[in-house]
Amino acid sequence: MGTFVTKLKQETQMVIDIIGQRTQEMAAIDPKAMQPARQQTEDAYVKLAGIINAHAICEEAGGESPYDACIDTINADIDYYVSKVFNKEKGKDEPEPEPTPEPEPEPEPTPVTPE
């Protein structure tokens with residue numbers, strides 16, 4: 001059991017060191033240097049979205065397309081990054097959800113009088 005624990009400690013320390021190194025490397029990157037890469041990624045996404053949407057429209061049958069699952073997955077990923085990742089990068093907290101309106105009370109029932 002002792003060698004297992006020793007090996008586990010060594011491997012854990014190696015992971016901690018690698019994560020620390022990656023954090024230092026990421027901190028050294030100038031955010032402005034990332035802008036061209038982000039723009040290229042955005043351009044590629046727009047082209048890909050156009051192609052997927054074109055295929056989805058062409059192959060749509062009965063209101064459904066074989067690309068619906070793909071589109072839903074991409075949209076979910078975008079929603080995640082916009083709401084969680086990009087807000088944290090800018091130092092913002094998660095946006096507060098819109099308050100749900102109070103339901104209208106139902107009117108008092110009118111008693112039925114026998115005639």
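Quick note: structure is the one above.
Residues numbered from 1 in each chain as written. Predicted model: local features only at pLDDT ≥ 70, side-chain atom pairs only at ≥ 80, totals over all residues. Heavy atoms only, no water.

Student: Mind laying out the overall build of the protein, listing which residues take part and the relevant values?
Tutor: Within the protein, the secondary structure is distributed over three helices and zero strands. Reading the secondary structure of the protein in the N-to-C direction produces α-α-α. Buried residues in the protein amount to 4% of all 115 residues. Carbon and sulfur atoms make up 60% of the accessible area of the protein, which amounts to about 10800 Å² in all. (Helix = DSSP H or I, 4+ residues; strand = E, 2+ residues; numbered from the N terminus. Buried < 20%, exposed > 50% of the residue type's maximum accessible area, 1.4 Å probe, protein only. Areas by Shrake-Rupley, 256 points an atom, 1.4 Å probe, with all protein chains shown as cover.)

Student: Kindly report on the layout of surface pockets, identifying the contributing residues and their values.
Tutor: In this model, the largest pocket occupies a volume close to 430 Å³. Around the largest pocket sit 13 residues that line it, and Thr 41, Glu 42, Ile 78, Tyr 81 and Phe 86 are the ones nearest its centre. Elements with a contribution of two residues or more to the lining of the largest pocket: helix 2 (31–58) and helix 3 (68–89). Among the elements that take part in the lining of the largest pocket, helix 3 stands out by supplying eight residues, more than any other. For the lining of the largest pocket, a count of residues per class yields eight nonpolar, one polar and four charged. (1 Å grid on protein atoms, 1.4 Å probe; cavity = no way out; pocket = protein on both sides within 12 Å on 5 of 7 lines; lining within 4 Å. Points joined across faces, edges and corners; volume = space filled by probe spheres on them. Nonpolar A, V, L, I, M, F, W, Y, C, P; charged D, E, K, R; others polar.)

Student: Lay out the packing of aromatic side chains in plain terms, naming residues and giving numbers.
Tutor: This model, assessed by the stated rule, comprises one aromatic pair. Look at Tyr 80 and Tyr 81: their rings are 5.3 Å apart centre to centre, the planes differ by 80°, and that puts the pair in the edge-to-face class. Tyr 81 sits in the partly exposed class, given a relative accessible area of 42%. (Phe/Tyr/Trp six-rings, centres within 6.5 Å; stacked < 30°, edge-to-face > 60°.)

Student: With reference to specific residues and values, describe the pattern of salt bridges.
Tutor: One side chain can pair with another of opposite charge once the charged atoms of both are near each other. All chains considered together, the criterion is met by one salt bridge. With a closest N to O distance of 3.1 Å, Glu 11 and Lys 7 form a salt bridge. Of this pair, Glu 11 and Lys 7 both sit in helix 1 (residues 2–28), four residues apart, which is roughly one turn of the helix. Judged by relative accessible area, Glu 11 falls into the partly exposed class, the value being 33%. (Salt bridge = Lys/Arg side-chain N within 4 Å of Asp/Glu carboxyl O.)

Student: Please set out the side chain of Ser 65 residue by residue, giving values where relevant.
Tutor: Position of Ser 65 among the secondary structure elements: in the loop between helix 2 and helix 3. A distance of 3.0 Å separates the side chain of Ser 65 from the backbone nitrogen of Tyr 67, its partner in a polar contact. Ignoring anything within four residues of it in the chain, the contact list for Ser 65 reads Ala 56 and Glu 60. (Polar contact = N/O pair within 3.5 Å; in protein donor to acceptor, adjacent residues only side chain to side chain. Contact = heavy atoms within 4.5 Å.)

Student: Lay out the environment of Gln 39 in plain terms, naming residues and giving numbers.
Tutor: Of note, Gln 39 is situated in helix 2. Separated by 2.9 Å, the side chains of Gln 39 and Asp 43 make a polar contact.

Student: Any details on a nonpolar patch on the surface? Residues and values, ideally.
Tutor: There is a patch of nonpolar side chains on the surface, built from Tyr 45, Val 46, Ile 78, Tyr 80, Tyr 81, Val 82 and Phe 86 and spanning about 620 Å² of accessible area. When residues of the nonpolar patch are traced back to their parent elements, those giving at least two are helix 2 and helix 3. When residues of the nonpolar patch are assigned to their parent elements, the largest contribution, five residues, is made by helix 3. Structurally, Val 82 is set in helix 3. (Patch = residues over 30% accessible without salt bridge, like charges linked within 9 Å, V, L, I, M, F, W, Y side chains within 5 Å.)

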